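# Topology and contacts: notes
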Amino acid sequence: MGNWVWLIYIVIIGGFIYLMMIRPNQKRAAEQKNMMDAIQPGARVMLTSGLFGTVQAVGDKQMVVELAPGMAVTVVKPAVAKVVTEAEEEFEYADEHEQIEGTASEPNAIEMAAEEETPKPDEAPDFEPPADEAKPAPGTQSKK
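Attention in this report is confined to the structure presented alongside it. (Residues numbered from 1 in each chain as written. Predicted model: local features only at pLDDT ≥ 70, side-chain atom pairs only at ≥ 80, totals over all residues. Heavy atoms only, no water.)

## As for the overall build of the protein
Along its length, the protein carries 2 helices and 5 strands. In sequence order, the protein lays out its α and β elements as α-β-β-β-β-β-α. Here the analysis covers contacts within the protein between residues at least 6 apart in sequence; of these, 33% occur between residues at least 24 apart. Counting every atom, the protein has about 12800 Å² of accessible surface; 59% of that belongs to carbon and sulfur. (Helix = DSSP H or I, 4+ residues; strand = E, 2+ residues; numbered from the N terminus. Contact = heavy atoms within 4.5 Å. Areas by Shrake-Rupley, 256 points an atom, 1.4 Å probe, with all protein chains shown as cover.)

Written as structure tokens, this is what we have:
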């Protein structure tokens, strides 16, 4: 009778592991596959690296994603983390002729600090070597 009890415990634990670990992973994998199959050119996606792009072409195992105008990369389908909507994207995109606030026309604080610290060529600081440097380097002989 004692052996049957252990067998029942093993079956119960096996069922628990299946319900808590294996089944959710299978569901997640099925959802990911369905998402991959539904991606069409023109969709905005986020890659697993965190990059956002627009799908240009879709193949069986790979897709071409445009990250910036004129810059496209080929990625494997599992590299797509999710399809994003406009509400999920943080930035608004401007046309080529519009300028985005805070870009090249306005220097930022780091650039301004670098300009202040960099001496101008005509303002080079005076430099005199320390008295210790007048000694000959080790392994050389001095002429006396």
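## Examining the pattern of salt bridges
Per the counting criterion, the structure on display carries 1 salt bridge. Between D37 and K33 there is a salt bridge; the shortest N-O distance is 3.1 Å. You can see D37 and its partner K33 sitting in helix α1 (residues 2-38), 4 residues apart, about one turn around the helix. (Salt bridge = Lys/Arg side-chain N within 4 Å of Asp/Glu carboxyl O.)

## Re the packing of aromatic side chains
The tally for this structure, following the rule as stated, stands at 1 aromatic pair. Ring geometry for W6 versus Y9: centroids 6.1 Å apart, planes at 75 degrees, classification edge-to-face. With a gap of 3 residues between them, W6 and Y9 both fall in helix α1, about one helical turn apart. Judged by relative accessible area, W6 falls into the exposed class, the value being 59%. (Phe/Tyr/Trp six-rings, centres within 6.5 Å; stacked < 30°, edge-to-face > 60°. Buried < 20%, exposed > 50% of the residue type's maximum accessible area, 1.4 Å probe, protein only.)

## A few points about the side chain of K77
Its place among the elements puts K77 in the loop between β4 (71-76) and β5 (80-83). Of the side chains with opposite charge, D37 lies nearest to the buried K77, which makes no salt bridge, at 4.7 Å. Discounting residues that sit within four places of it in the chain, K77 has contacts with M36, V58, G59, D60, K61, Q62 and M63. (Lys, Arg positive; Asp, Glu negative; His and termini not counted.)

## Quick look at the sheet that holds β5
An order of β4-β3-β2-β1-β5 is seen for the 5 strands of this open sheet, with the pairing classed as antiparallel. Edge positions in the open sheet fall to β4 and β5, since each of these has one partner strand only. Sheet twist, expressed as the average angle between the axes of neighbouring strands with direction ignored, equals 45 degrees. Sheet topology note: the strand β1 (residues 44-47)/β5 ladder contains 3 bridges and is antiparallel. (Pairing = 2+ DSSP bridges. Axes fitted to C-alpha atoms, helices over the stretch in contact; angles between N-to-C directions.)

## Some thoughts on the nonpolar core
Generally speaking, nonpolar side chains in soluble globular proteins are found buried as a group. Within the largest apolar cluster, 12 residues are counted, these being M35, M36, I39, A43, V45, L47, V55, M63, V65, V75, A79 and V80. Apart from residues no more than four positions distant in its own chain, V75 is found in contact with L47, K61, Q62, M63 and V65. (Core = buried A, V, L, I, M, F, W, Y, C linked by side-chain atoms within 4.5 Å.)

## Some words on the environment of L51
Assignment of secondary structure puts L51 in the loop between β1 and β2 (52-58). Taking relative accessible area as the criterion, L51 reaches 42% and is therefore assigned partly exposed. Between the alpha carbons of L51 and A81 there is a distance of 9.8 Å; along the sequence they are 30 residues apart. Ignoring any residue separated from it by four or fewer positions in sequence, one finds L51 in contact with V45, M46 and L67.

## A few points about α1
Between its first and last C-alpha, α1 extends 53 Å over 37 residues, near the 54 Å set by a 1.5 Å rise per residue. The largest bend in α1 comes to about 40 degrees, at Y18. (Expected span 1.5 Å × (residues − 1). Bend = angle between axes of the 7 residues up to and from the residue.)

## Observations concerning the environment of K61
Looking at the element boundaries, K61 is found in the loop between β2 and β3 (62-68). Given a relative accessible area of 68%, K61 falls into the exposed group. Separated by 25 residues in sequence, K61 and M36 place their C-alpha atoms 9.8 Å apart. Residues in contact with K61, not counting those within four places in the same chain, are V75, V76 and K77.

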